[in-house]
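Reading the structure
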Amino acid sequence: MTQLQRRYLSSSSSGVQVQKSTDTPIIGNLPPIVDFRSDTVTAPTKEMLDCVQHAITGDDVMGEDPTVLELESFAAALFEKEQGLYFPTGTMANLVAVMSHSHGTASEIIVGTNSHLCLYEGGGVSTLGGIHSRQIQENVDTAEFNLDEVQDYIRDTSDDHYPETKVICLENTHNMMGGIPLSSDYVNQVGALARRNKLKVHIDGARIFHASIAQKTSVAELSKGADSVSICLSKGLGAPLGTVLVGDAEFIRLAKRARKRCGGGMRQSGVVACMGLHALLNNVNRLEEDHRRAKHMAEQLFDKGFILPRNGKVETNMFFFGIPKESNVTKEDLTKRMWSEYGVMVGGGYSKGGEMFRLVTHMNIDDEGMNRCLRGLVTICKP
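From a predicted model like this one, the values you see are computed outputs, not experimental measurements. (Residues numbered from 1 in each chain as written. Predicted model: local features only at pLDDT ≥ 70, side-chain atom pairs only at ≥ 80, totals over all residues. Heavy atoms only, no water.)

Observations regarding the pairing of strand 12 (residues 356-360)
Counting buried residues along strand 12, 5 of its 5 residues qualify, which places the element largely inside the surrounding structure. Burial along strand 12 is two-sided: the residues M356, R358 and V360 and F357 and L359 are all buried. With 5 bridges connecting them, strand 9 (residues 318-322) and strand 12 associate as antiparallel partners. By the bridge assignment for strand 12, G322 is matched with M356. Two elements, strand 11 (residues 347-350) and strand 12, share 2 bridges in a ladder whose sense is antiparallel. (Buried < 20%, exposed > 50% of the residue type's maximum accessible area, 1.4 Å probe, protein only. Helix = DSSP H or I, 4+ residues; strand = E, 2+ residues; numbered from the N terminus. Pairing = 2+ DSSP bridges.)

Written out as C-alpha cells, the structure is:
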C-alpha cells in the first residue's frame, strides 16, 4: 500500500479486502428522508470530506496531479489492467472507451437493448462518436446475450452495405435487468468470441463491485475477458463523482486523446479524486449490507403480492416491482404518498406504461429506512 493510499484508508480499515465503512453521511439540517431512487444520491461522508482538505494536487491535464495518478494506478491494479484514466462521469468514460476502440469510419458496436449505454447516455456514441449501435436483446433471467446471435450480428467490410463491428459492450451489473451480475465465465466466453473475430470488449462497470461481492469473485477475474472497463465511483461507493477507465497502455493513450475531444481533463482534480480513492479503499466490502437489505425487501414485497421479475430473485442492491393487482392505489399516487406520508423516495415510471418502480439500497439506508419503506408500501398498496 502506498503512502497516499494510507492517507485515505479509514482508521477502522486495514486494506481493500477487509473494508468496513464507519462513515456517517453529512446531511445538514435536511429532514430524515430515505431515498431509494438510486445509489447515486449518497452524501459525502465526514471522512471523505476530510480527505479533500489534505489532498495533494497538481495539474492533471499535464499529468501532474499525484492524487489522480494514484487513483488511476490503484484502479488499474485492482482490475489487473495496465493503466487507468480519470473522468468526471461514467457516460463520458463509456463514450471515450467506444471511440478509442473504434477507428476509421463506418464503425459499429454491439450493445444491449436495455443497457445504460444504449438508453441513458444521450445517444453520444452516434451523435458525438459517429459510431453505429447494433442492439441485441438481453436474456431476462441472466442479462446475457445469446452468443450465437452475437456471432450473427458481427459484420465486416466485405459488403459495402455494412458498417464494421469493432466492440461488444457489456454491463455488469445490469441496471435495467434488475442489478443482475454477469459471471466471469460468461465474460470470458464473450472475450473469446471477440478475439476470434478481432473485436474488443468493453464493460460498463458502473456497479461491477456489486457483481464482485455477490459472486465472491475479484473484479480482476470478472473483467479478465474484457479489454476495457469503466469503474463508477459514485454508484454505491459513495464518492460524489468520478469514473476511472482502465485498459492497456495503448488504449489509454487513445482514450486520453478522445477525452480531449469530449471536453478534456480537469486541472487540480485531486480534490475530488481523493474521495474516489477513499471510496475504493473503504466502501467496497460493505456493499454486502446493501444486498442483504435489497433481498429482504424483495422477499417481503413478493410475499405480499407485489409483482417482481424473476419471481422475486434479487442478487445485488436493486430490483423492480409492480403494484399488486388487487390494489386501488395508482402508480402516480404511490410515489407521492410514499414521500408525503413516510418520507421515502421511490423511483417510478419504468417499463411499458411506467408500471414498474425501482428500489436501490445504498450506504445511506439503514434497517430503519428499509423497514419504513416496506411499511409504507404495504400500507398504501393494501386492497
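That was the structure; now back to the text.
A closer look at the sheet that holds strand 4 (residues 132-136)
Across the sheet, 7 strands lie side by side as 2-8-7-6-5-3-4; this open sheet has mixed pairing. Single-partner strands in this sheet number two, and they are strand 2 (83-87) and strand 4. Ignoring strand direction, the axes of neighbouring strands in this sheet form an average angle of 20 degrees. Note that strand 3 (residues 107-112) and strand 4 share 5 bridges and pair parallel. Bridge pairing in strand 4 links I110 to R134. Along the sheet face, helix 3 (residues 66-78) touches strand 2, strand 7 (228-232) and strand 8 (243-247) and points at about 125 degrees away from the line of strand 2. Each of strand 2, strand 7 and strand 8 touches helix 11 (residues 249-261); the most contacted strand, strand 2, lies at about 20 degrees to it. (Axes fitted to C-alpha atoms, helices over the stretch in contact; angles between N-to-C directions. Contact = heavy atoms within 4.5 Å.)

Quick notes on helix 11
The α-helix advances 3.6 residues per turn, and as a result positions three or four apart in sequence lie on the same side. Taking 1.5 Å of rise per residue, 13 residues should cover 18 Å, and helix 11 covers 19 Å from first to last C-alpha, within 8% of that figure. Among the residues of helix 11, F251, I252, L254, A255, A258 and R259 are the ones counted as buried. Buried residues along helix 11 cover an arc of 160 degrees about the axis, so they all sit on one side. Seen from the buried face of helix 11, the exposed residues on the opposite side, beyond 90 degrees, are R257 and K260. Looking at the packing, one finds that the buried side of helix 11 touches strand 2, helix 4 (90-101), strand 7 and strand 8. Two or three places before E250, at the start of helix 11, stands the capping residue D248, its side-chain oxygen 3.3 Å from that residue's backbone nitrogen. G263, located one to two residues past helix 11, shows a positive phi value of around 130 degrees. (Expected span 1.5 Å × (residues − 1). Arc of directions from axis to C-beta. Polar contact = N/O pair within 3.5 Å; in protein donor to acceptor, adjacent residues only side chain to side chain.)

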